[in-house]
Amino acid sequence: MFLEGISKKCNSEKKRKKIYLMAILCLAILSIFAYSHTGVDTEKIKMEHYLKERYGKDFKVSNVRKVGYGIGVTGTVLADAELKDGGTEKFMIRRWGDTGYLDEYPSTIYNNRERSELDKFIRELSVKPSRYSVDININPEIYNEVRDVPKLVNLLKDYAKEVDYGVKVIVQGDSPTNNNINDVKKLASYTALKNPKKSSVRYVINSKDGTYRYICQHYNESSSTSIQVNEKCFTRSEGVE
């Protein structure tokens, strides 16, 4: 009886320890969740304030997330943003340095302004794309010059080398053909006319079975009118875009 009592007491203490450990673990998880949630809300408020101060308009920030973090690795914070009145498509904003932010609002505005002209040009291609877009990228070093989003032609007069006028085109096919190569040349000429000092074309051929793709990434940083593109521009990769 004496030994049985000791055994019961030991079992009771073990159960209590398990309960305590489980309670501590739950509290730790809840604390981490609360801290993370608070951090996201704070980041969201800061981003919206930054955009308001920079552009004088009201923006809505959503989907705040941390990426690239790990042991010994400092990642960054990304989010989606858009005008509260729905006047633009969503664009990305991310932390820049320790306290600053970098956003793609000017690029989004320029892409939208240039879209209608690209729509007309796409009709001249031999292979009709499933998707396409203007993809203008601006060097962060000149972001203060685009605060008011001036006309693109005016921006390029002074900062052509800091602005990449790009287009992205996605088509379907099994492998690069002469028509695909000729279309890349046409697109490269189109973007080079827009900005002779810096332009690019990303042309993707998705396989019909959805297992691989061919990618041609063409860059132009000269005023030369001769566009050199051949089948060697295309590289095969797994998956589709």
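Residues numbered from 1 in each chain as written. Predicted model: local features only at pLDDT ≥ 70, side-chain atom pairs only at ≥ 80, totals over all residues. Heavy atoms only, no water.

Visitor: Help me out: how do you make sense of the state of the cysteines in this one?
Guide: A covalent bond bridging the sulfur atoms of two cysteines is what the word disulfide describes. If you walk through the whole model with that rule in mind, you get one disulfide. Across the disulfide, cysteine 216 is cross-linked to cysteine 233 (sulfur-sulfur distance 1.9 Å). Between cysteine 216 and cysteine 233, the disulfide has an S-S torsion of 85° and is therefore right-handed. Within this pair, whereas cysteine 216 is found in strand 8 (residues 212-220), its partner cysteine 233 is found in the loop between strand 8 and strand 9 (234-238), the two being separated by 17 residues in sequence. Judged by relative accessible area, cysteine 216 falls into the buried class, the value being 0%. (Disulfide = S-S within 2.5 Å. Helix = DSSP H or I, 4+ residues; strand = E, 2+ residues; numbered from the N terminus. Buried < 20%, exposed > 50% of the residue type's maximum accessible area, 1.4 Å probe, protein only.)

Visitor: I keep staring at the confidence of the model for the protein chain and nothing clicks. Help me out?
Guide: Low pLDDT marks stretches whose predicted atomic positions should not be read closely. When pLDDT is averaged across the protein chain, the result is 87; 80% of the residues are at 70 or more. Note that pLDDT drops below 50 for residues 30-38; the model gives that stretch zero contacts with residues more than four away or on any other chain. (pLDDT = per-residue confidence, 0-100. Contact = heavy atoms within 4.5 Å.)

Visitor: Got a minute to help me understand the packing of aromatic side chains in this structure?
Guide: Note on aromatic pairs: each is described by the distance of the centres and the angle between the planes. Summed over all chains, the structure comprises nine aromatic pairs. Taken together, Tyr55, Phe59, Phe91 and Tyr105 form an aromatic cluster joined through their ring pairs. Taking the ring centre of tyrosine 212 as reference, the NZ or CZ of arginine 236 above it sits at 3.8 Å. (Phe/Tyr/Trp six-rings, centres within 6.5 Å; stacked < 30°, edge-to-face > 60°. Lys NZ or Arg CZ within 6 Å of the ring centre and 35° of its normal.)

Visitor: Before we go on, may I ask you to explain the sheet that holds strand 4 (residues 100-103) in this structure?
Guide: To summarise the sheet geometry, strands pair through backbone hydrogen bonds and adopt either a parallel or an antiparallel arrangement. Taken in spatial order, the four strands make up an open sheet running 1-2-3-4, and their pairing is antiparallel. Because the sheet does not close on itself, it has two edges, and the strands there are strand 1 (59-67) and strand 4. Each strand of the sheet is rotated relative to its neighbour by a mean of 25°, with strand direction disregarded. The sheet contact formed by strand 3 (residues 91-96) and strand 4 spans four bridges and is antiparallel. By the bridge assignment for strand 4, isoleucine 93 is matched with aspartate 103. (Pairing = 2+ DSSP bridges. Axes fitted to C-alpha atoms, helices over the stretch in contact; angles between N-to-C directions.)

Visitor: Would you mind going over the side chain of glutamate 43 with me for this structure?
Guide: Relative to the helices and strands, glutamate 43 is located in helix 1 (residues 2-55). When near neighbours in sequence (up to four residues on either side) are disregarded, glutamate 43 contacts Val64, Val77, Arg95 and Tyr101.

Visitor: How should I be thinking about the pattern of salt bridges in this particular structure?
Guide: It is possible for side chains of opposite charge to pair when their charged atoms get near one another. Here the structure, examined in full by the defined rule, presents 12 salt bridges. Among the salt bridges present, the one from glutamate 48 reaches lysine 44, with a minimum N-O distance of 3.1 Å. Highlighted residues: glutamate 48 and lysine 44, both in helix 1, separated by four residues, approximately one helical turn. Since its relative accessible area comes to 18%, glutamate 48 is described here as buried. Overall, lysine 44 belongs to the partly exposed group, its relative accessible area being 30%. Lysine 60 is the salt-bridge partner of glutamate 82, the closest N and O atoms lying 3.9 Å from each other. Of this pair, glutamate 82 sits in strand 2 (residues 76-83) while lysine 60 sits in strand 1, placing them 22 residues apart in sequence. Classification of glutamate 82 by relative accessible area gives buried; the value is 15%. Judged by relative accessible area, which is 41%, lysine 60 ranks as partly exposed. Taken together, the shared-partner salt bridges connect Glu114, Glu117 and Lys194 into one network. (Salt bridge = Lys/Arg side-chain N within 4 Å of Asp/Glu carboxyl O.)

Visitor: Sorry, what's going on with the layout of surface pockets here?
Guide: Rolled over the atoms, a probe sized like a water molecule indicates the empty space that remains. Considered as a void within the structure, the largest pocket measures approximately 510 Å³ in volume. Lining the largest pocket are 23 residues, with Glu104, Ser107, Thr108, Asn111 and Asp135 positioned closest to its centre. Within the residue set of the lining of the largest pocket, elements represented by two or more residues are strand 3, strand 4, helix 2 (105-122) and strand 5 (131-138). Ranked by residues supplied to the lining of the largest pocket, first place goes to strand 5 with six residues. Partitioning the lining of the largest pocket into residue classes produces nine nonpolar, six polar and eight charged. (1 Å grid on protein atoms, 1.4 Å probe; cavity = no way out; pocket = protein on both sides within 12 Å on 5 of 7 lines; lining within 4 Å. Points joined across faces, edges and corners; volume = space filled by probe spheres on them. Nonpolar A, V, L, I, M, F, W, Y, C, P; charged D, E, K, R; others polar.)

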